[in-house]
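# Close look at the chain arrangement
Listed below are the residues making up each chain.
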Amino acid sequence: MNSNILKSADLKQTKKRNLILSVLESAQTALTVEEIAELASKDLKINISTIYRALNTLAEKDIVIKTLYQDGKTYFEINNHTHRHSLICTKCNKKVNIDICPLEPIENNLSVNTGYTITGHNLEIYGICPDCQEKPVL
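No experiment lies behind these values; they were computed from the predicted model shown.

### Section: the side chain of Asn79
Within the secondary structure layout, Asn79 lies in the loop between β2 (74-78) and β3 (85-89). On the basis of relative accessible area, Asn79 is assigned to the buried category, the value being 13%. Of the polar contacts made by the side chain of Asn79, one reaches the side chain of Asp62; its length is 3.0 Å. Contact partners of Asn79, with chain neighbours within four places excluded, come to Asp62, Ile63, Val64 and Ile65.

Here is the structure:
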């Protein structure tokens, strides 16, 4: 699958790009560059600067989505052209995907009232996960 994605974007297929895409495809949530580097290093020695360059190129070609979260870190995920919504813990940064889209009725209403064709949206909801709620405050 990776070779088709890269070929359709007129990008050269390399082991490192394929590995980065493979790591992102198997991830349950968006990942930071550091997380990608840690997972990728199990298969191939890859420089973190190489990962940054590859991810920026893949983001420019709309193959991956690059998002700055509230924690100040940039996260990357495969752009499967469907949207995902997340609950993000403000203490431990644990991310949980939300399977339903609470914004579809709002999108439809906006489209009808403004004449816009809505092409997408992004929703992140922040809170404190159950594990962090149980931890004592120091």
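### What to know about the pairing of β3
When you tally the buried positions in β3, you get 4 out of 5 residues, the bulk of the element. As judged from the 4 bridges shared by β3 and strand β4 (residues 95-98), these two strands associate in the antiparallel manner. Among the inter-strand pairings, Ser86 is bridged to a residue of β4, identified as Asn97. The hairpin formed by β3 and β4 contains 5 residues between the paired strands, and Asn93 there has a positive phi angle of roughly 65°. Of the pairings in the sheet, the one linking β3 to strand β5 (residues 123-127) comprises 5 bridges and is parallel in character. When the sheet's bridge partners are listed, Ile88 is paired in β5 with Tyr126.

### What to know about a nonpolar patch on the surface
On the surface, Ile106, Leu110, Tyr116 and Ile118 cluster together into a nonpolar patch covering about 390 Å² of accessible area. With respect to the helices and strands, the residue Leu110 is situated in helix α5 (residues 104-114).

### Some remarks on the environment of Asn18
Positionally, Asn18 belongs in helix α2 (residues 15-26). Under the relative-accessibility criterion, Asn18 is labelled buried at 18%. As a C-alpha pair, Asn18 and Leu6 span 12 residues in sequence and 8.6 Å in three-dimensional space.

### Focus: the packing of α2 against helix α3 (residues 33-40)
Contact geometry for α2 and α3: axes closest at 10 Å, N-to-C directions at 105°. It follows from the interaxial angle that α2 and α3 lie roughly perpendicular. Taken together, the residues of α3 that come into contact with α2 (itself represented by Leu19, Ile20, Val23 and Leu24) are Ile36, Leu39 and Ala40. Classifying every residue of the contact of α2 with α3 gives 7 nonpolar, no polar and no charged.

Conventions we followed
- Residues numbered from 1 in each chain as written.
- Predicted model: local features only at pLDDT ≥ 70, side-chain atom pairs only at ≥ 80, totals over all residues.
- Heavy atoms only, no water.
- Helix = DSSP H or I, 4+ residues; strand = E, 2+ residues; numbered from the N terminus.
- Buried < 20%, exposed > 50% of the residue type's maximum accessible area, 1.4 Å probe, protein only.
- Polar contact = N/O pair within 3.5 Å; in protein donor to acceptor, adjacent residues only side chain to side chain.
- Contact = heavy atoms within 4.5 Å.
- Pairing = 2+ DSSP bridges.
- Patch = residues over 30% accessible without salt bridge, like charges linked within 9 Å, V, L, I, M, F, W, Y side chains within 5 Å.
- Areas by Shrake-Rupley, 256 points an atom, 1.4 Å probe, with all protein chains shown as cover.
- Salt bridge = Lys/Arg side-chain N within 4 Å of Asp/Glu carboxyl O.
- Axes fitted to C-alpha atoms, helices over the stretch in contact; angles between N-to-C directions.
- Parallel < 35°, antiparallel > 145°, perpendicular 65-115°, else oblique.
- Nonpolar A, V, L, I, M, F, W, Y, C, P; charged D, E, K, R; others polar.

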